[in-house]
Structure formats: structure tokens, C-alpha cells
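Now for the letters of each chain:
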Amino acid sequence: MLPNKKALELIKIYMKKDFTSKNLNELTKKLIELDLLIKTEDGTFTVRSEDPEELMHSRVGALKEGIEKFAIPSKIEDIKNPKILDLCSGMGYNAVSALHYNINSEIDIVEYSKEMLFLSLALDIPIKEHLLVKNAISEFFKGITDEKIRIFNEDARITLLRKDLKKYNCVFHDAFSPANDPVLYTVDFLKLIYENMDDSGVLISYSSSIPFRSALVECGFVISEGPSVGRKRGATLAYKNPNEIQKSEIKRIPESDERLIALSSVGVPFYDKNLNLNSSEIIKNREIERVNLKNLLGNKCYSTTKIKSGKIDEKLLKIQKENLNSSEIIKKMNKIYFEN
Ligand SMILES: C[S@@+](CC[C@H](N)C(=O)[O-])C[C@H]1O[C@@H](n2cnc3c(N)ncnc32)[C@H](O)[C@@H]1O
């Protein structure tokens, strides 16, 4: 999925003009007048997406999200020269926030839309590190590569197959919602991220979707409930191989979600084996998998209402009382349920 079409068309017109502050100011003024660039509660701006119901950020604040959902939970302050993969970078709020918390961050920005990168040049994110990101974007438009802030203007599925990637300490995963656009939430894509992470690396996403968390568990991540900035549900932190400090900070996801992932067809993840399917194909294939799973389980299949309320076999419920993290519980419940 992409940002709003009308916004992209208008930005394209300005990309052909000189990059002067007069033109950039005129662009933001027009986008605001057309209600395509929206002021969030912290005063920073976000853009509408193709889906009129979905903005690129939550209304509590585009910058607030970058800071509270991504930069702070990543703990990059404590890492010497953190290597960050900023997926779906958009206007760069998460990259700017990361640099604010650790000026020595090396960031690989991945963004499909050239227009969103350009729009960053027209905005004034009120943190001085925005200048560093703006500088890297300006160089990108001149065909120059900034070594500290590299920009990959392509589908993230292509980027993850590159041979010149780093071992990332932190991956910011900020795609549109999986219900609308599951392309970057598939087991196959997340596996590539896993392989390109440092051993103590962490992936952070605002999404708490059940198939997404299920895919993370299948890839080998240890999942943890993250902060819920501007949303009802918490974000997701996913550790590759948590060290002792990380282990002590891992928080279980809601128990009903653990059961849904382990025991129901809601937990069937998205797949994209050759990394070339579009959203509707991925969604359709998952629906088929869900039906297959229900048929396989036959009358052993619990309703989601029963699973959510915990009206299931005591043997399975007992696993949730063990001193394990959510990923371990999900795997154990799933194994016992399908073996019997
Ligand atoms: C929710 S917004 C992210 C907002 C962004 N982090 C920011 O600070 O402005 C999602 C972004 O992902 C981009 N996108 C969508 N699909 C993509 C893909 N397959 N690969 C790379 N970028 C993608 C969109 O163009 C959009 O800018």
C-alpha cells in the first residue's frame, strides 16, 4: 500500500521544480489545504494513506511515535555505534528520533516512495538531527550516497536480499497495517530480517496483529509486549537471541493472544515464499490455509470465543502458568495441541 495518490501526484509536480524553501513551503501549504497533510497532536505532520481510514502515524503525534515507540524501546543510547534498519522510513521520523538518542547511529533507510523522502525536505521536524536526515536525502536526490545514512528507495523485499547489508542492532518495522498490506509481515520476509540481525538485535513494530506475532515466533524471535503509544494494544518487540538484560525486560503478550496464536486459525501467519506476491494474493492464500487448518482439526477445533475466554483443556492452560516467555509458551501449547 502507498500513501494517498493525490498527495503523491502533487509532490511529484514539486519534485520537478527547484528545491528552494519557497517551493517547499508552497507544497506543504497546498497539502494542508487539501487535507492530505495532517497535523498530529504533538504539532508534527503525517500523510493520509490510500485507505482513507489509515494515516501514516497515529494522531497522538508522528514524532512522539518515533521517539516513544521506536527510539526509546530500542535502547540505542546504550549501544556504541548502533546499526539501524529503518524499514518504511516515510518522512524519516524514526530515523531522526534514533539519531537524537544516539548521534553515532548508522542508519539504512528503506522507503518505496521517492515522494515521501522528498516531503521530508519540506517539513520541519523539531529536532536538530532532522538536518542530518535532510542532508542524506538531498544527497540521494543528487545521486550521492551518505555512508552513515544510506537510502534504499525500493521495495523492502528487494533490500533484504542485498549483499551489502549490515548486522543490525535494531530494526524499525513501520509498514502500513497487516490487514491492509501484509507484504512486509510474512514469515518469509521476517526470516530475512532475522538473518540480517545482530545476535542481541531487536525488531520493533507498532503492530500487535496475531498473524504477525505468530510469524515472528515461527521465525525464532522471542516476542515481548511493547509500549502502547496512541493505540489500545501494545507495540511488539522481537528479540533474536535476548541477552540477560533483555531477558529481564521481556513482557508477556496478553494470555488470550498467546492462545489464539497457538491454537486457532487466527494464528495462521502470512506467507510469500518467493517474495513476489501482492497483498490480495497473500491474504487469499492465508484464508485457504485457515480453512485447511480447520478441516484438519475437525471437531477438535475450539471456537475463538472459547480460546479467548480460556475454556480449553486444563493441560494447555497449565502451560501458561509456567515460567516461560510468550514465544516458548506458544510453541509448547501448539506442539501439545497438535500432537494429541
Ligand atoms: C506507516 S508509513 C511509515 C511512516 C514513517 N516511518 C515515517 O516516519 O514517516 C509506511 C511507509 O511504508 C512505505 N512502504 C509501503 N510498502 C513498502 C515496501 N514494500 N517497501 C518499502 N516501503 C514501503 C510507504 O510508502 C510509507 O511511506
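So, how was this worked out
- Residues numbered from 1 in each chain as written.
- Predicted model: local features only at pLDDT ≥ 70, side-chain atom pairs only at ≥ 80, totals over all residues.
- Heavy atoms only, no water.
- Helix = DSSP H or I, 4+ residues; strand = E, 2+ residues; numbered from the N terminus.
- Expected span 1.5 Å × (residues − 1).
- Buried < 20%, exposed > 50% of the residue type's maximum accessible area, 1.4 Å probe, protein only.
- Arc of directions from axis to C-beta.
- Contact = heavy atoms within 4.5 Å.
- Near = heavy atom within 4 Å.
- Polar contact = N/O pair within 3.5 Å; in protein donor to acceptor, adjacent residues only side chain to side chain.
- Areas by Shrake-Rupley, 256 points an atom, 1.4 Å probe, with all protein chains shown as cover.
- 1 Å grid on protein atoms, 1.4 Å probe; cavity = no way out; pocket = protein on both sides within 12 Å on 5 of 7 lines; lining within 4 Å.
- Sits in = over half its atoms within 2 Å of the grid points.
- Nonpolar A, V, L, I, M, F, W, Y, C, P; charged D, E, K, R; others polar.
- UniProt positions renumbered as here; feature names shortened; annotations may be inferred.
- Pairing = 2+ DSSP bridges.
- Axes fitted to C-alpha atoms, helices over the stretch in contact; angles between N-to-C directions.
- Parallel < 35°, antiparallel > 145°, perpendicular 65-115°, else oblique.
- Left-handed = near helix turned anticlockwise from the far one by under 90°.

Under an unreviewed UniProt entry, the name given to the protein is tRNA U34 5-methylaminomethyl-2-thiouridine-forming methyltransferase MnmC, and the organism recorded is Methanococcus maripaludis.

S.K.: Would you mind going over helix α2 (residues 21-33) with me for this structure?
M.R.: In an α-helix, one turn spans 3.6 residues; hence positions three or four apart end up facing the same way. For α2, which comprises 13 residues, the first-to-last C-alpha distance of 18 Å matches the rise-based estimate of 18 Å (1.5 Å per residue) to within 8%. All of the buried residues in α2 are Asn-23, Leu-24, Leu-27, Thr-28 and Leu-31. Within α2, the buried residues cover an arc of 135° as seen down the axis, which keeps them to one side. Facing away from the buried side of α2, by more than 90 degrees, are the exposed residues Ser-21, Lys-22, Lys-29 and Glu-33. Looking at the buried residues of α2, the elements they touch are α1 (5-15), β1 (37-39) and α5 (114-122). Once α2 ends, the next one or two residues include Asp-35, with phi positive near 60°.

S.K.: Mind showing me how you'd approach the site of the ligand here?
M.R.: Near the ligand you find 21 residues, and of these Cys-88, Met-91, Glu-111, Ala-156 and Asp-174 are the closest. A distance of 2.9 Å separates a nitrogen atom of the ligand from a polar atom in the backbone of Cys-88. For the ligand, a nitrogen atom lies 3.5 Å from a polar atom in the side chain of Asn-94. Taking 610 Å² as the accessible area of the ligand by itself, protein coverage stands at 97%. Cavity membership is defined here by more than half of the atoms lying within 2 Å of grid points; on that basis the ligand lies in the largest pocket. When grouped by side-chain class, the residues that make up the shell around the ligand number 11 nonpolar, 6 polar and 4 charged.

S.K.: Hey, could you run me through the UniProt feature "domain: MnmC-like methyltransferase" (unreviewed entry) in the protein in this one?
M.R.: In this structure's numbering, the residues bearing the UniProt feature "domain: MnmC-like methyltransferase" (unreviewed entry) are residues 146-241. Helix makes up 24% of residues 146-241 and strand 28%, with an end-to-end C-alpha separation of 31 Å.

S.K.: Explain the pairing of strand β8 (residues 222-225) here, please?
M.R.: Within a regular strand, the side chains alternate between the two sheet faces. Neither face of β8 is open: one carries Val-222 and Ser-224, the other Ile-223 and Glu-225, and all of them are buried. As judged from the 4 bridges shared by β8 and strand β9 (residues 236-239), these two strands associate in the antiparallel manner. Across the sheet, Ile-223 pairs through a bridge with Ala-238, a residue of β9.

S.K.: Before we go on, may I ask you to explain the packing of helix α11 (residues 255-263) against helix α15 (residues 326-339) in this structure?
M.R.: The description of two helices packed together rests on the angle between their axes and the distance between the axes. One way to put it is that α11 packs onto α15 with a least axis distance of 8 Å and a crossing angle of 45°. Comparing their axes, α15 and α11 come out oblique. Judged by the sense of rotation from one axis to the other, the crossing of α11 with α15 is right-handed. Side by side, α11 and α15 meet where Glu-258, Arg-259, Ile-261, Ala-262 and Leu-263 of the first sit next to Ser-326, Ile-329, Ile-330, Met-333, Asn-334, Tyr-337 and Phe-338 of the second.

S.K.: Please explain the packing of helix α8 (residues 187-195) against helix α9 (residues 210-219) as it appears in this structure.
M.R.: Put simply, α8 and α9 touch, their axes get as near as 9 Å, and they point 50° apart. With respect to α9, the axis of α8 lies oblique. Every pair of crossing elements has a handedness; the one defined by α8 and α9 is right-handed. Residue-level contacts link Val-187, Leu-190, Lys-191 and Tyr-194 of α8 to Phe-212, Ala-215, Leu-216, Glu-218 and Cys-219 of α9.

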